[in-house]
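Residues per chain are reported as follows:
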Amino acid sequence: MVTFYPPNADRGLPTHMAMILLFDRDTGAPLAVMDGRLITEMRTAAVSAVATKFLASPDARILAILGSGVQARSHFEALSLVSEFDEIRIWSRTEAHAQELAAEIGGKATSAEQAVRDADVVVTVSSATSPVLKGEWLKRGVM
C-alpha cells in the first residue's frame, strides 16, 4: 500500500509512505508488516537502471534528471551502477533544490531544456502536474 501526501514535503516528511504486508501462502496468516517506503524508492530506480543498462547506448555519458527529490537521488545511485556518466544535469521546479542535489552528486543545476538537450539518458522524476519536458528537446536515440 502506498500513499501520496505532497504537503508532507513542507513538514520535512516523505511525500510517499508505504507498507508491505506478507501473508502465508497456505493459510493467509499475516507474517510481516514492513515499512515499504525505502523498498518502493529502490525498486522504482532499479527498474529504470535495468532499462538503461539494456536499452541505452553503451556510449551514454550525459545524464539529465528532471526532479530533485527522493526518486532523483535513488535514480542517480541506481543508474551509476550500470553506466558511467561524465556529466549530470539537474532541473527542479525549485532551483535551490536542484542546486542542492547537484552539489550532492557532482552535477550541474540548469533549466529543463538545457538539462535534456544532447543528454543520452533522461530521467523524469518530478511530481509536477503540468509537462516539464518537450519532445523537441530530445536528441534522436535518447533513452
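You'll find the structure just up there.
Residues numbered from 1 in each chain as written. Predicted model: local features only at pLDDT ≥ 70, side-chain atom pairs only at ≥ 80, totals over all residues. Heavy atoms only, no water.

**A closer look at the pairing of strand S2 (residues 16-23)**
The pairing of strand S1 (residues 2-4) with S2 spans three bridges and is antiparallel. Bridge pairing links Thr3 to Met17 in S2. Two elements, S2 and strand S3 (residues 30-35), share five bridges in a ladder whose sense is antiparallel. Of the residues in S3, the one forming a bridge with Phe23 is Pro30. Counting the residues that bridge the hairpin from S2 to S3 gives six residues, and of these Gly28 lies at a positive phi of roughly 80°. (Pairing = 2+ DSSP bridges. Helix = DSSP H or I, 4+ residues; strand = E, 2+ residues; numbered from the N terminus.)

**Quick notes on the sheet that holds strand S7 (residues 121-124)**
Strand order across the open sheet formed by four strands is S6-S5-S4-S7, with parallel pairing between neighbours. Both outer strands of the open sheet, strand S6 (108-109) and S7, are each paired with one neighbouring strand and no more. Where strand S5 (residues 87-91) and S6 come together, two bridges link them in parallel fashion. Bridging from a neighbouring strand, Ile90 pairs with Ala109 of S6. Strands in contact with helix H3 (residues 95-105) are strand S4 (62-66), S5 and S6; relative to S5, the strand with the most contacts, it is inclined by about 160°. (Contact = heavy atoms within 4.5 Å. Axes fitted to C-alpha atoms, helices over the stretch in contact; angles between N-to-C directions.)

**Considering the pattern of salt bridges**
Going through the model one piece at a time under the given rule, you end up with seven salt bridges. Two residues, Glu100 and Arg73, come together in a salt bridge whose shortest N-O distance is 3.5 Å. Residue Glu100 is located in helix H3, and its partner Arg73 is located in helix H2 (residues 70-82); the two are separated by 27 residues in the primary sequence. Among the salt bridges present, the one from Arg89 reaches Glu87, with a minimum N-O distance of 2.9 Å. (Salt bridge = Lys/Arg side-chain N within 4 Å of Asp/Glu carboxyl O.)

**A closer look at the nonpolar core**
In this structure, Leu63, Ile65, Ile88, Ile90, Ile105, Val121 and Val123 are the most contacted members of the largest nonpolar core, which totals 21 residues. Among the secondary structure elements, those contributing two or more residues to this core are helix H1 (37-55), S4, H2, S5, H3 and S7. Not counting chain neighbours up to four residues away, the residues in contact with Val121 comprise Thr52, Ala56, Ala60, Ile62, Leu63, Ala64, Phe85, Val142 and Met143. Within the second largest apolar cluster, eleven residues are counted, among which are Ile62, Leu66, Trp91 and Val132. (Core = buried A, V, L, I, M, F, W, Y, C linked by side-chain atoms within 4.5 Å. Buried < 20%, exposed > 50% of the residue type's maximum accessible area, 1.4 Å probe, protein only.)

**Side note on the packing of H1 against H2**
How two helices sit against one another is set out by the angle between their axes and by the gap between those axes. At their nearest, the axes of H1 and H2 sit 8 Å apart, and the two run at 40° to each other. With respect to H2, the axis of H1 lies oblique. As H1 runs across H2, the sense of the crossing is right-handed. On H2, the residues that touch Thr40, Glu41, Thr44, Ala45, Ala46, Ser48, Ala49, Thr52 and Lys53 of H1 are Val70, Gln71, Ser74, His75, Ala78, Leu79 and Val82. Its residues placed into classes, the contact of H1 with H2 shows seven nonpolar, seven polar and two charged. (Parallel < 35°, antiparallel > 145°, perpendicular 65-115°, else oblique. Left-handed = near helix turned anticlockwise from the far one by under 90°. Nonpolar A, V, L, I, M, F, W, Y, C, P; charged D, E, K, R; others polar.)

**Points about H2**
End to end, H2 covers 19 Å across 13 residues, agreeing with the expected 18 Å (1.5 Å per residue, within 8%). Here H2 has its buried residues at Ala72, Ser74, His75, Phe76, Ala78 and Leu79. Close packing links the buried residues of H2 with H1, S4, S5, H3 and S7. (Expected span 1.5 Å × (residues − 1).)

**A few points about H3**
All buried positions along H3 are accounted for by Ala98, Leu101, Ala102 and Ile105. Buried positions in H3, seen along its axis, are confined to an arc of 100° and lie on one side of it. Set apart from the buried face of H3 by more than 90 degrees, the exposed residues are Ala96 and Ala103. (Arc of directions from axis to C-beta.)

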